[in-house]
Amino acid sequence: MKNNILLVAETIDNQVAPVSAELSGLAARLSAITGGRANFLIAGSDIVGPAGEFAAKTGRPALVIQHPSLCYPNPELLADVVSDLAARQSFHYICFPHTATGCQAAARAAVKTNAVCVSGISDLRADEDDIIFQRSLFNGKLAMDIRATDGPVVLTALPGAFSKSPDDPGLTADPEIIVRSVENTAVAYQPLTITAADDTDAGIDRADIIIAAGRGIGDRENLELVHRLARLFPNAAVAASRPLCDLKWLPYSRQVGATGKTVAPKLYLACGISGAQQHVYGMKDSQWIAAINTDPNAAIFSVADYCVVEDVTTFLPVLADMYENR
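Only a predicted model underlies this, so the values are computations on that prediction, with no experimental measurement involved. (Residues numbered from 1 in each chain as written. Predicted model: local features only at pLDDT ≥ 70, side-chain atom pairs only at ≥ 80, totals over all residues. Heavy atoms only, no water.)

Strand order in this open sheet of nine strands is β9-β8-β7-β10-β6-β1-β4-β5-β11, and the pairing throughout is mixed. Here the strands that pair on one side only, and so sit at the sheet edges, are β9 (142-147) and β11 (177-181). Taken over all neighbouring pairs, the strand axes of this sheet differ in orientation by 35 degrees on average, direction set aside. Examined bridge by bridge, strand β1 (residues 5-8) and strand β6 (residues 93-97) share three bridges and lie parallel to one another. Paired with Leu6 across the strands is Ile94, a residue of β6. In this fold helix α1 (residues 22-34) packs onto β1, β4 (38-44), β6, β7 (116-127), β8 (130-137) and β10 (153-157), with an angle of close to 50 degrees to the strand it touches most, β7. (Pairing = 2+ DSSP bridges. Helix = DSSP H or I, 4+ residues; strand = E, 2+ residues; numbered from the N terminus. Axes fitted to C-alpha atoms, helices over the stretch in contact; angles between N-to-C directions. Contact = heavy atoms within 4.5 Å.)

Structure representation (structure tokens):
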């Protein structure tokens, strides 16, 4: 049991979030090195049906935990469930998606299990008797290698970093499903309801061309340059990196990245976006990527097919004029 792996699925309103399937890819990488077995933990208030479908799709056994306070994201209770299970079954690796809920639950679970916590990992490799985990720093300009040498390890995996491996020997066509209820009903944190945001104005997941703005756009008024360019193309949409959404310049429904939407348009034009891995994982599968940035060493250029070293407020008007007068 020393090297066994617990994969904690992301759930909301008794549905398993698609990002959870990517943990199976992480498990395949870990299992190939350690020989450990991987099980999913899927939590909700009435989630047996969706959990069974998810387990069958991923090919991994699952423990289904049910409690009324787990219908909506409840990182505190989820962490308590995970830490109790880890203590009884000695899971060495506990893996969460790198989401708001996943990160909060991972931090609490690490404290309760006295485990090392490595967040936002994007890669891993074997090194003698240890595993080296990699995460990015400074908006992707640097990569940090981390060695966890002792005790259990809690991980959060960046969305898009690990894909499912079809050759994983741990997969099965008929995975076992075990259903349990949480016995301790005393919870200090209880989500009551959720309200879906208005997503009708974005359309970024259906656009053929996405013009995305980052902090390098400068002022909020300069967003009009991005909107102007988007209006010149058919089926185009404006998107943003997280900093602009945090500033309320654009709604979160237009955010691309690990905590936003994953898109794959025919053309993705990144305007003043540095290229943090959290953003790159949301758009790296675009057919063509063009990037505009004043920094010639910007991380976004490492994934771009076309790189323009220029101020976006200078380049975008010229590009729009040339396109209009072609």
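Next comes the rest of the description.
Looking at where Asp219 falls in the secondary structure, it is placed in the loop between β12 (209-213) and α5 (223-231). Along the backbone, Asp219 and Val116 are 103 residues apart, and their C-alpha atoms lie at a distance of 41 Å.

Quick look at the environment of Lys284 now. Along the chain, the position of Lys284 falls in the loop between α7 (277-280) and β15 (288-293). We classify Lys284 as partly exposed; its relative accessible area is 33%. It is 9.9 Å that separates the C-alpha atoms of Lys284 and Pro265, two residues lying 19 residues apart in sequence. (Buried < 20%, exposed > 50% of the residue type's maximum accessible area, 1.4 Å probe, protein only.)

The next thing to look at is the pattern of salt bridges. Tallied over the entire structure, the rule returns 13 salt bridges. As a salt-bridge pair, Asp80 and Arg108 come within 3.0 Å of each other at their nearest N and O atoms. Here the residue Asp80 occupies a position in helix α3 (residues 75-89), and Arg108 occupies one in helix α4 (residues 100-113), the gap between them amounting to 28 residues. Residue Arg108 is classed as partly exposed on the basis of its relative accessible area of 32%. Put simply, Lys112 and Asp80 hold a salt bridge, and the shortest N to O gap is 3.6 Å. Of this pair, Lys112 sits in helix α4 while Asp80 sits in helix α3; the two residues are 32 residues apart in sequence, bridging distant segments of the chain. Its relative accessible area of 27% is what places Asp80 among the partly exposed residues. (Salt bridge = Lys/Arg side-chain N within 4 Å of Asp/Glu carboxyl O.)

Here we take up a nonpolar patch on the surface. Taken together, the side chains of Val48, Ile177 and Val179 define a hydrophobic patch exposed on the protein surface, amounting to about 190 Å² of accessible area. You can see Ile177 is positioned in strand β11. (Patch = residues over 30% accessible without salt bridge, like charges linked within 9 Å, V, L, I, M, F, W, Y side chains within 5 Å. Areas by Shrake-Rupley, 256 points an atom, 1.4 Å probe, with all protein chains shown as cover.)

Okay, helix α8 (residues 312-324) next. The α-helix winds at 3.6 residues per turn, so residues separated by three or four positions along the chain end up facing the same way. Compared with the 18 Å implied by 1.5 Å per residue over 13 residues, the 18 Å span of α8 between its first and last C-alpha is a close match. Those residues of α8 lying buried are Val312, Leu316 and Ala320. Each buried residue of α8 lies within a common arc of 55 degrees when the element is viewed along its axis, so the set occupies one face. (Expected span 1.5 Å × (residues − 1). Arc of directions from axis to C-beta.)

So, on to unusual backbone geometry. A positive phi is found at Ser90, a non-glycine position, where the angle reads about 60 degrees. As for its position among the elements, Ser90 is in the loop between α3 and β6. Phi is positive for Lys248, which is not a glycine, with a value near 70 degrees. Tracing the sequence through the fold places Lys248 in the loop between α6 (242-246) and β14 (267-271).

Moving on, we come to the packing of α5 against α8. Put simply, α5 and α8 touch, their axes get as near as 10 Å, and they point 25 degrees apart. Viewed along their axes, α5 and α8 adopt a mutual orientation that is roughly parallel. In the packing of α5 onto α8, the handedness of the crossing is left-handed. On α8, the residues touching Leu225, Val226, Arg228 and Leu229 of α5 are Thr313, Leu316, Pro317, Leu319, Ala320, Asp321 and Glu324. Residue composition of the contact of α5 with α8, by class: seven nonpolar, one polar and three charged. (Parallel < 35°, antiparallel > 145°, perpendicular 65-115°, else oblique. Left-handed = near helix turned anticlockwise from the far one by under 90°. Nonpolar A, V, L, I, M, F, W, Y, C, P; charged D, E, K, R; others polar.)

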